[in-house]
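Below are the chains, spelled out letter by letter.
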Amino acid sequence: YSTRASNCTVQRMGPELLSIRPLVLFLLLQLVSTKTTNGDFKLSGVQTEAILTSFAVPPTGGELELTLTSDSMYENQQNLRFRTYRDTEWRQFQRDPLCTGKTQLARSTDPVSFEQIGNEWKAKLKVSIQSEDAKRNHYWYFVIDDCTLEMYFHDNRIPKIHYQLVVQAYRPSKTGRR
């Protein structure tokens, strides 16, 4: 039965429908695996990239949402980038001493652009993680970098940045689809 109050309709469920809700929730939890990471970093001429986290993603892919906040403006943000790397390139990434060499290995690159909201600076990104050529799960690594810091040491103008990264991996269903 329904109860109507002003512009709101409230549905009341009978006992037979309440038993279905846990099943639906269980099925949804089986389709997505999520990891949330929070932290702080400060880029510099010595540390031009920050590795935010890594996460295993199946061939069905996934998506992520990154939120960055800072108390002050990142003055030279036109070279600030968020990049994704897969485990197949990660060893080479770790061996390369230069930021500019590492960027060539990225699977995806997205510019990071801060906006002032109140007395904070915020940037938000949504990125799809695609593994069309993957036949197995791969670890993905998520990195923020500013390669200009290798050449121009303007460390005193780089603010500390707080991040929240939520990564979701789509688990394959029994039929092979998401």
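Placed above this text is the structure.
Residues numbered from 1 in each chain as written. Predicted model: local features only at pLDDT ≥ 70, side-chain atom pairs only at ≥ 80, totals over all residues. Heavy atoms only, no water.

(A) Up close: the state of the cysteines. Evaluation of the coordinates by the stated rule reveals 1 disulfide. For cysteine 99, the disulfide goes to cysteine 147, at an S-S distance of 2.0 Å. In this structure the cystine formed by cysteine 99 and cysteine 147 twists about its S-S bond by roughly -70°; its chirality is therefore left-handed. In this pair, cysteine 99 sits in helix α4 (residues 99–103) while cysteine 147 sits in the loop between β10 (138–146) and β11 (161–170), placing the two residues 48 residues apart along the sequence. (Disulfide = S-S within 2.5 Å. Helix = DSSP H or I, 4+ residues; strand = E, 2+ residues; numbered from the N terminus.)

(B) Spatial organisation of helix α3 (residues 87–95). Among the residues making up α3, those that are buried are Glu89, Trp90 and Phe93. Looking straight down α3, one finds that the buried residues subtend no more than 120° of arc, so they occupy a single side. In α3, the exposed positions angled more than 90 degrees off the buried face are occupied by Arg91 and Arg95. Considering only its buried residues, α3 is in contact with β4 (49–57), β6 (80–86), α4 and β10. (Buried < 20%, exposed > 50% of the residue type's maximum accessible area, 1.4 Å probe, protein only. Arc of directions from axis to C-beta. Contact = heavy atoms within 4.5 Å.)

(C) Representation of the packing of aromatic side chains. Per the stated rule, a full pass over the model turns up 6 aromatic pairs. For the pair tyrosine 85 and tryptophan 90, a centre-to-centre distance of 6.0 Å together with 65° between the ring planes defines the contact as edge-to-face. Take tyrosine 85 and tryptophan 90: they sit in the same class, and that class is buried. Measuring from centroid to centroid gives 4.2 Å for tryptophan 90 and phenylalanine 93, while their planes differ by 10°, and the two rings are stacked. One end of the pair is tryptophan 90 and the other is phenylalanine 93, both in helix α3 and 3 residues apart, which spans about a single turn. (Phe/Tyr/Trp six-rings, centres within 6.5 Å; stacked < 30°, edge-to-face > 60°.)

(D) Here's a closer look at the nonpolar core. Counting 29 residues, the largest nonpolar core has Leu66, Leu68, Phe82 and Ile144 as the members making the most contacts within it. If we ignore the near neighbours within four places in the chain, the residues touching leucine 66 are Leu52, Phe82, Ala123, Lys124, Leu125, Ile144, Tyr163, Gln164 and Leu165. (Core = buried A, V, L, I, M, F, W, Y, C linked by side-chain atoms within 4.5 Å.)

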